[in-house]
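So you can see what is in the structure, the chains are spelled out below.
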Amino acid sequence: MIVGVGGQGTLLTSRILGGLALEAGYDVKLSEVHGMAQRGGSVVTYVRYGQQVAEPIVEEGCTDVLIAFEQLEALRYIHFLKKDGVLICNTQRIDPMPVVIGAATYPEGILEQLSKTYTVYSIDAMDEAKKLGNSRVFNTIVLGIAAQHMDFTKEQWYDVIKKTVPAKSVDINLQAFEIGYQLS
């Protein structure tokens, strides 16, 4: 399951993961839920793969790997993660509209709270991406960490990234993936 805010590359990331599973010979189902994505709203994608998959939606408590591109989105969807699942979370904070207008406050200590119950890997992927010179590849850094918790080779990931991202950004996405892959 991949969660984030509109514009963070959630959909591209799901296409990479779905393409990877498809090329590995699995039956793959994807589902995307956009909640005002173009206005910074929540975006959720489900990627299910296996020998035979009947439906794309993942039930609560059944997600093996939850990839979150923003902390509040991790908190919002953590109930989908199974007890022995893994949360991979970008530490970025994007204030939702109620926080921006002062009608709500952003929760403090989200990742610390979640770490008490779940296995959590976190990274300031935006900062790492800026060091590479392209903040838009932060999602590929997060994906590199998640890759360590899935049964695909690094070469398989590389092949699908090359086929999925725009041609002009292949090299930087591969560099970003490698950063995440080495951090886990």
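Going by the structure above, here's the rest.
Here the structure is a predicted model, which is why all the values come from computation and not from measurement.

### A few points about the overall build of the chain
The helix and strand tally for the chain stands at eight helices and six strands. Shown N-terminal to C-terminal, the secondary structure of the chain runs as helices and strands in the order β-α-β-β-β-α-β-α-α-β-α-α-α-α. Expected size for 184 residues packed as a compact globule is a radius of gyration near 16 Å; at 16 Å, the chain falls within 12% of this value. Among the 184 residues that make up the chain, the fraction classed as buried is 47%. Long-range contacts, defined as pairs at least 24 residues apart, comprise 58% of the intrachain contacts of the chain with a sequence gap of at least 6.

### Things to note about the packing of aromatic side chains
Per the counting criterion, the structure on display carries ten aromatic pairs. Summarising the aromatic geometry, the rings of Tyr49 and Phe152 are spaced 5.5 Å apart at their centres and angled 50° between planes, so their arrangement reads as tilted. Remark: Phe152 occurs in the loop between α6 (138-147) and α7 (154-164) and Tyr49 occurs in strand β3 (residues 42-50); sequence separation between them is 103 residues. Residue classification places Phe152 among the buried positions, given a relative accessible area of 7%. Ring geometry for Tyr158 versus Phe177: centroids 5.8 Å apart, planes at 80°, classification edge-to-face.

### So, the packing of helix α1 (residues 10-23) against α7
One can describe the packing of α1 onto α7 by two numbers: an axis separation of 9 Å at closest approach and a directional angle of 125°. As summarised for this structure, α1 and α7 are arranged oblique, according to the angle between their axes. Considering only the axes of α1 and α7, their crossing is right-handed. Here Leu12, Arg15, Ile16, Leu17, Gly19, Leu20 and Glu23 of α1 come into contact with α7, specifically with Gln156, Trp157, Val160, Ile161, Lys163 and Thr164. Across the contact of α1 with α7, the residue classes break down as seven nonpolar, three polar and three charged.

### A look at the packing of α7 against helix α8 (residues 170-183)
Taken N-terminus to C-terminus, the directions of α7 and α8 make an angle of 150°; their axes are 10 Å apart at the nearest point. If you check the angle between α7 and α8, you find them roughly antiparallel. Helix-helix and strand crossings are classified by hand; for α7 and α8 the assignment is right-handed. Contacts from Lys154, Trp157, Tyr158, Ile161 and Lys162 of α7 reach α8 at Val170, Asn173, Leu174, Phe177, Glu178, Tyr181 and Gln182. Residue classes in the contact of α7 with α8 are distributed as seven nonpolar, two polar and three charged.

### Examining α1
With 14 residues, α1 extends 20 Å between its outermost C-alpha atoms, agreeing within 8% with the 20 Å of an ideal straight helix rising 1.5 Å per residue. Along α1, the residues that are buried comprise Thr10, Thr13, Ser14, Ile16, Leu17, Gly18, Gly19, Leu20 and Ala21. Looking one or two places after α1, you find Gly25, whose phi comes out positive at around 95°.

### Overview of the pairing of strand β4 (residues 63-68)
Within β4, five of the six residues are buried, leaving the element largely enclosed by the surrounding structure. In the sheet, strand β1 (residues 2-5) pairs with β4 via two bridges, with the strands oriented parallel. Bridged to Ile2 within β4 is Ile67. As defined by bridge partners, β4 adjoins strand β5 (residues 81-90) across five bridges and the pair is classed as parallel. The partner of Thr63 across the bridge, within β5, is Leu81.

### Quick notes on a nonpolar patch on the surface
Together, Met97, Val100 and Ile101 make up an exposed nonpolar region whose accessible area comes to about 330 Å². Relative to the assigned elements, Met97 resides in helix α3 (residues 97-100). A relative accessible area of 53% places Met97 in the exposed class.

Thresholds, definitions, all that
- Residues numbered from 1 in each chain as written.
- Predicted model: local features only at pLDDT ≥ 70, side-chain atom pairs only at ≥ 80, totals over all residues.
- Heavy atoms only, no water.
- Helix = DSSP H or I, 4+ residues; strand = E, 2+ residues; numbered from the N terminus.
- Rg over C-alpha atoms; globule rule 2.2 N^0.38 Å.
- Buried < 20%, exposed > 50% of the residue type's maximum accessible area, 1.4 Å probe, protein only.
- Contact = heavy atoms within 4.5 Å.
- Phe/Tyr/Trp six-rings, centres within 6.5 Å; stacked < 30°, edge-to-face > 60°.
- Axes fitted to C-alpha atoms, helices over the stretch in contact; angles between N-to-C directions.
- Parallel < 35°, antiparallel > 145°, perpendicular 65-115°, else oblique.
- Left-handed = near helix turned anticlockwise from the far one by under 90°.
- Nonpolar A, V, L, I, M, F, W, Y, C, P; charged D, E, K, R; others polar.
- Expected span 1.5 Å × (residues − 1).
- Pairing = 2+ DSSP bridges.
- Patch = residues over 30% accessible without salt bridge, like charges linked within 9 Å, V, L, I, M, F, W, Y side chains within 5 Å.
- Areas by Shrake-Rupley, 256 points an atom, 1.4 Å probe, with all protein chains shown as cover.
- Salt bridge = Lys/Arg side-chain N within 4 Å of Asp/Glu carboxyl O.

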